[in-house]
Amino acid sequence: QVQLVESGGGLVQAGDSLRLSCAASGRISSSYAMGWFRQAPGKEREFVAAIRGSTSYADSVKGRFTISRDNAENIVYLQMNSLKPEDTAVYYCAADGAVGMPTSPRKYRYWGQGTQVTVSS
């Protein structure tokens, strides 16, 4: 049983920065894979970043976004710099205890409620 709660979303201008946080509670281990996904209206949920020892990023956010975690506090962060209007979406935190560091949302068992990020031009 794992509960995830995202925070930090908001309305910003293109070029601005935001840092999203995901607070995890319950039966979660620091060995779990943690991921960030996003979903824009009318589109499928897409992979943004994941962490499990190493990190992985979608091509669209490489060099701009950074995923990190505080294992002691069970918090995962997504630092988002140089935001673009196309980054506008609901951002979700996800976790899974299986082997690997999946990029497919179907591979993650636990999900947060999401936090809205809106980037104006």
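It should be emphasised that the depicted structure is a prediction, and the values quoted were computed from it without experimental measurement. Residue positions are given per chain, counted from 1 along the sequence in the order it is written. In keeping with the model being predicted, local features are shown solely for residues with a pLDDT of at least 70 and side-chain atom pairs are shown and tallied solely at 80 or more, while totals for entire chains, interfaces and linings include all residues. Only hydrogens and water are set aside when side-chain values are computed; all heavy atoms of the structure are taken into account.

### Observations regarding the state of the cysteines
Convention followed: Cysteine sulfur atoms that pair up within 2.5 Å are treated as a disulfide. We count a stretch as a helix when DSSP gives it H or I for four or more residues in a row; a strand needs E for two or more, and each element gets its number in order from the N terminus. Three exposure classes are used, based on accessible area relative to the maximum for each residue type with a 1.4 Å probe and protein chains only: buried under 20%, partly exposed in between, and exposed over 50%.
The tally for this structure, following the rule as stated, stands at one disulfide. In this model C22 forms its disulfide with C93; the gap between the sulfur atoms is 2.1 Å. Note on the C22 and C93 pair: the S-S dihedral is about -80 degrees, so by sign convention the disulfide is left-handed. Residue C22 is found in strand β3 (residues 18–26), and its partner C93 is found in strand β9 (residues 89–96); the two are separated by 71 residues along the sequence. The exposure classification of C22 matches that of C93, with both residues buried.

### Topic: the pairing of strand β6 (residues 54–57)
Worth spelling out the cut-off: Strand pairing requires that DSSP identify at least two bridges connecting the strands.
Pairing of strand β5 (residues 46–52) with β6 involves four bridges; the strand directions are antiparallel. Looking at β6, one finds that I51 is bridged to T55. Counting the residues between successive antiparallel strands, the hairpin from β5 to β6 contains one residue, one of them, G53, with a positive phi of roughly 85 degrees.

### Considerations on unusual backbone geometry
With phi around 55 degrees, N74 is a residue other than glycine that occupies positive phi space. Within the secondary structure, N74 is located in the loop between β7 (65–70) and β8 (75–80). Accessibility expressed as a relative area gives 27% for N74, which makes it partly exposed. A positive phi angle, close to 50 degrees, is found at S82, a residue other than glycine.

### Brief notes about the environment of I51
Counted only if it meets this: Residue contacts are defined here by distance: any two heavy atoms, one from each residue, within 4.5 Å place the two residues in contact.
With respect to the secondary-structure elements, I51 resides in strand β5. Separated by 28 residues in sequence, I51 and Q79 place their C-alpha atoms 13 Å apart. Discounting residues that sit within four places of it in the chain, I51 has contacts with Y32, A33, M34, I67, S68, R69 and M101.

### Focus on the pattern of salt bridges
Here the idea is simple: oppositely charged side chains can pair when their charged atoms come close. Short version of the rule: Here a salt bridge means any side-chain nitrogen of Lys or Arg lying within 4 Å of a carboxyl oxygen belonging to Asp or Glu.
Following the criterion strictly, the structure yields four salt bridges and no others. Its salt-bridge partner being R38, residue E46 comes within 2.7 Å of it at the nearest N-O pair. Look at E46 and you get partly exposed, because its relative accessible area is 35%. Here D59 ties to K62 by a salt bridge, and the two come within 3.1 Å at their closest N and O atoms. Where salt bridges share partners, they join R38, E46, R64 and D87 into one cluster.

### Describing the sheet that holds β3
To keep it simple, the criterion reads: Comment: axis = line fitted to C-alpha atoms, over the contacting stretch for helices; angle = value between 0 and 180 degrees taken between N-to-C directions.
With antiparallel pairing, the four strands of this open sheet are ordered in space as β1-β3-β8-β7. One side of each edge strand has no neighbouring strand; the edge strands of this open sheet are β1 (2–7) and β7. Across the sheet, the mean angle from the axis of one strand to that of its neighbour is 15 degrees, orientation sign disregarded. Note: β7 against β8, six bridges, orientation antiparallel. When the bridges of β8 are listed, D70 appears paired with I75.

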